[in-house]
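# Topology and contacts: notes
Here is what each chain is made of, one letter per residue.
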Amino acid sequence: MTYPPPVYAPPPVAPPKPARFGALAWTAVILGIVGILSSWLIFFNNLTAIAAFVGVVLGVVALFGTRKVLAAIGVVLCVVAIVLTMVAQQAAVEELDKILGGDTNQGQVGTPGEPAKQDAPVQNPTWGKRFTWDNGLAVDVAAPVACQPGQFSIPSDIARAVRFEITITNGTTAAFETALMSIGTDAQFNGQKAEMVIDTSGGCDSTYDSATVLPGKTYTFHVAYAVGAQPGEMQLVFEPTFNSSKAAFIGQA
């Protein structure tokens, strides 16, 4: 009696593992592409820059998943979108300055606590003076004070550091968001860029943060910079919004 040959069933195929954080990686890529394409659209690119920043966060999280390459591409695209947006906005500011005729310091300089005179001459204010824009917003910069950075301060090779006390006075009729003001990015010492000091453990900590200054109120904060070993000329430039005049404070530090 013969028996039929045995039939061997193929081993079951394991189901594919689901992609971990795959959706986050794709989202980062999409936000990066949208941010790059919209980076040259003034005003609208502010929103896309925020979206690109969110894409960076999502891409970094997705790096811990299974789509690491895709996540890395998303992070790179989002970073490029943010950089292009900053370049476009800076170019727009410079072009607008040219159109308006280079209106740096087209405001009023006076002593804090005193009303600005309408016929005040246009000049570069120094420490202890107040600069008031035409809309009533004002900024005061006190004389710099030497500070000692901590062990883990940035930058690490600081020859000497000085700390400024800055006060914003809102003389307008509307609330002012300090995040709109350009602070610390245009600082020079003896004709060279002065780096802002990041110091959480020493005496050069900066207290600047985004805040809402109501009409008639003031907001005071501190910013520290790395300067040369010997005293020299320091320049700090403030710009409330991208299309406003610039206040350039110049003095010894």
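To keep things clear, this report deals only with the structure shown in the data block. These figures come from a predicted structure and were not determined experimentally. (Residues numbered from 1 in each chain as written. Predicted model: local features only at pLDDT ≥ 70, side-chain atom pairs only at ≥ 80, totals over all residues. Heavy atoms only, no water.)

On to the overall build of the protein. Across its full length, the protein holds 3 helices and 12 strands. Across the 253 residues in the protein, those meeting the buried criterion constitute 37%. Taking the intrachain contacts of the protein between residues at least 6 apart in sequence as the baseline, contacts between residues at least 24 apart amount to 68%. (Helix = DSSP H or I, 4+ residues; strand = E, 2+ residues; numbered from the N terminus. Buried < 20%, exposed > 50% of the residue type's maximum accessible area, 1.4 Å probe, protein only. Contact = heavy atoms within 4.5 Å.)

When you tally the buried positions in strand β3 (residues 137-141), you get 5 out of 5 residues, the bulk of the element. Every second residue of β3 is oriented toward a common face, with Leu-137, Val-139 and Val-141 on one face and Ala-138 and Asp-140 on the other, all of them buried. With 3 bridges connecting them, strand β2 (residues 130-132) and β3 associate as antiparallel partners. Looking across to β3, one finds that Phe-131 is bridged to Val-139. As consecutive antiparallel partners, β2 and β3 are separated by 4 residues, and within that stretch Gly-136 has a phi angle of approximately 105°, a positive value. Bridge analysis of β3 against strand β5 (residues 160-170) gives 5 bridges, and the strand direction is antiparallel. Within β5, the residue paired with Ala-138 across the bridge is Thr-169. (Pairing = 2+ DSSP bridges.)

We now examine the nonpolar core. Among the nonpolar cores identified, the biggest contains 28 residues, and Phe-164, Met-234, Leu-236 and Phe-238 are the most heavily contacted of them. Looking at this core, the elements that each hand over two or more residues are β3, β5, β7 (187-189), β10 (218-227), β11 (233-238) and β12 (247-252). When residues in this core are grouped by element, the largest group, 5 residues, is from β10. Every residue in contact with Leu-236, bar those within four places of it in the chain, is listed here: Trp-127, Val-141, Phe-164, Asp-186, Ala-187, Tyr-225, Ala-247, Ala-248 and Phe-249. (Core = buried A, V, L, I, M, F, W, Y, C linked by side-chain atoms within 4.5 Å.)

A separate point is helix α1 (residues 22-37). If you check α1, its first and last C-alpha atoms are 23 Å apart, about what 16 residues at 1.5 Å a residue would give, namely 22 Å. Along α1, the positions that sit buried rather than exposed are Gly-22, Ala-25, Ala-28, Val-29, Gly-32 and Gly-35. Down the axis of α1, the sector holding all buried residues measures 160°, keeping them to one side. Seen from the buried face of α1, the exposed residues on the opposite side, beyond 90 degrees, are Ala-23 and Leu-37. (Expected span 1.5 Å × (residues − 1). Arc of directions from axis to C-beta.)

Now for the sheet that holds β7. Spatial ordering of the open sheet is given by β8-β7-β11-β12, a layout of 4 strands whose pairing is antiparallel. The open sheet has two free edges, formed respectively by β8 (192-193) and β12, since each of these has just one partner strand. Inspection of the sheet shows β11 paired to β12 by 6 bridges, in the antiparallel sense. Paired with Leu-236 across the two strands is Phe-249, which belongs to β12.

Its place among the elements puts Ala-72 in helix α3 (residues 68-99). Owing to a relative accessible area of 32%, Ala-72 belongs among the partly exposed residues under this scheme.

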